[in-house]
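Structure assessment
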Amino acid sequence: MSKAEWFRGVIDGRRRGPVAWATRAALWWARLPYAVAVGVRNWRYDRRPSRASRVAVPVVCVGNLTLGGTGKTVAAEYVAAHFRELGRQVVLVSRGYGGDGGPNDEAMVLEENLPDVPHLQGADRVAMANAAVEELEADVIVSDDGFQHRRLGRDLDVVLLDATRPVTREYLFPRGLLREPVGGLKRAGFVLFTRCDQVEPDSLAEQRRWLMKEFPQVPHATTWHAPTALLGPDGSEDVGGLQGQAVAVFSGIAHPPALVRTVEQLGATVAASREFPDHHPYSREDVDDLTRWAAGLPPGVTTVLTTQKDWVKLRVGELGGRKLRAVQVGLKFLEGEETFRETLRGVLGEQYTGPVE
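Residues numbered from 1 in each chain as written. Predicted model: local features only at pLDDT ≥ 70, side-chain atom pairs only at ≥ 80, totals over all residues. Heavy atoms only, no water.

Below, the discussion takes up the confidence of the model for the protein chain. Per-chain confidence: the protein chain averages 91 in pLDDT, with 95% of residues scoring 70 or above. This model gives residues 350-357 a pLDDT under 50, and the stretch forms 13 contacts once residues within four places in sequence are excluded. (pLDDT = per-residue confidence, 0-100. Contact = heavy atoms within 4.5 Å.)

This is the structure we're talking about:
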């Protein structure tokens, strides 16, 4: 079991015993100084909004309340693609966690799926946003994972809530995965519930009622991450080919169970799985280890699956005699897509005159 798996088990209560109990107690107290720091920082920006630096074009932020795992990359891709459909010059900016000085896995996925949308990564989002306007002639900027980065002013905050992990049951970091208290949703301009296909309808309805009661001014929509293709070195394949197959999966993402559930929803049986930390930089030793693992799988397992975020760092077509494929996903709406699109178009204000021919 990896450290990440053990930590998740501790904070969500699945790990039992005196060590897990003592760890949870220590983390509960450790969250207090973090809560003070977050509260002071938000108070400073709430008290004086002019602290945020504005750029000359609209900025849309796609973020969340938790430490990863809600599907921000897929949502940012949807938002950027929508603005491109409107004929706008879009530039993505992000912090670039896990990039080791170069583009991280999320940037590589976005470059692959949106080759006509530039992506700037770095610690200073304000400087990148200004560079996007001055050097790349951007007329709209999409800030990926920037809800807590308040130094860059924005015209719309799109906040993602993972329906499989209700925020009302989460604790503030490090006791839980919340980056800030749920009250931060008052800054949201739109909420997207993600992975709604992976929860019971009653649970989703309860979460929606809670949002409408506590934040009635914030519109919302329900979405799911729809598998669109299997990616390999020779192109894409139909996901329907997984029906009835026994497969193995591995991933280095914030919420690995989501991949397992997606694969099972495609009609496949997950015979084995491996987990790595989020944004894991696969080394030669990791590939050798995965190759041995894949070679030892039961004979009936002919395919190993991973996410597109993992595959862009590997770019190999097979492991241990089994073919390796990435499950590509796209954001699809159950309810509220047109309302969301209208909100995005509204950000353009007077600049919006319809799609540019």
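Now that the structure is up, let's keep going.
For the structure shown, the criterion picks out eleven aromatic pairs. Here the aromatic cluster, defined as three or more aromatic residues joined through ring pairs, consists of Tyr78, Phe190, Phe333 and Phe340. Sitting above the plane of the Phe147 ring, Arg187 keeps its charged end 4.2 Å from the centroid. (Phe/Tyr/Trp six-rings, centres within 6.5 Å; stacked < 30°, edge-to-face > 60°. Lys NZ or Arg CZ within 6 Å of the ring centre and 35° of its normal.)

What follows concerns the nonpolar core. One finds Val60, Val79, Phe83, Val142, Val158, Leu192 and Phe340 to be the most contacted residues of the largest nonpolar core, which totals 29 residues. Among the secondary structure elements, those contributing two or more residues to this core are β1 (59-64), α3 (72-85), β2 (90-94), β4 (140-144), β5 (156-162), β6 (190-194), β13 (322-335) and α10 (337-347). Looking at this core element by element, the count peaks at seven residues for α3. Excluding its chain neighbours within four sequence positions, the residues that come into contact with Val60 are Val79, Phe83, Ile141, Val142, Ser143, Leu156, Val158, Leu344 and Val347. (Core = buried A, V, L, I, M, F, W, Y, C linked by side-chain atoms within 4.5 Å. Buried < 20%, exposed > 50% of the residue type's maximum accessible area, 1.4 Å probe, protein only. Helix = DSSP H or I, 4+ residues; strand = E, 2+ residues; numbered from the N terminus.)

For α3, built from 14 residues, the straight-helix expectation of 20 Å at 1.5 Å per residue is met to within 8% by its first-to-last C-alpha distance of 20 Å. α3 sits mainly inside the fold: eleven of its 14 residues count as buried. Here α3 has its buried residues at Lys72, Thr73, Val74, Ala75, Ala76, Glu77, Tyr78, Val79, Ala80, His82 and Phe83. Trailing α3 by a residue or two, Gly87 shows a phi angle of about 85°, which is positive. (Expected span 1.5 Å × (residues − 1).)

Okay, the environment of Arg341 next. Tracing the sequence through the fold places Arg341 in helix α10. For the pair Arg341 and Gly240, spaced 101 residues apart in the sequence, the C-alpha separation amounts to 29 Å. For Arg341, the residues in contact, after removing those within four places along its chain, are Tyr78, His82 and Glu85. A distance of 2.9 Å separates a polar atom in the side chain of Arg341 from a polar atom in the side chain of Tyr78. Polar side-chain contacts of Arg341 include one of 2.9 Å to the side chain of His82. (Polar contact = N/O pair within 3.5 Å; in protein donor to acceptor, adjacent residues only side chain to side chain.)

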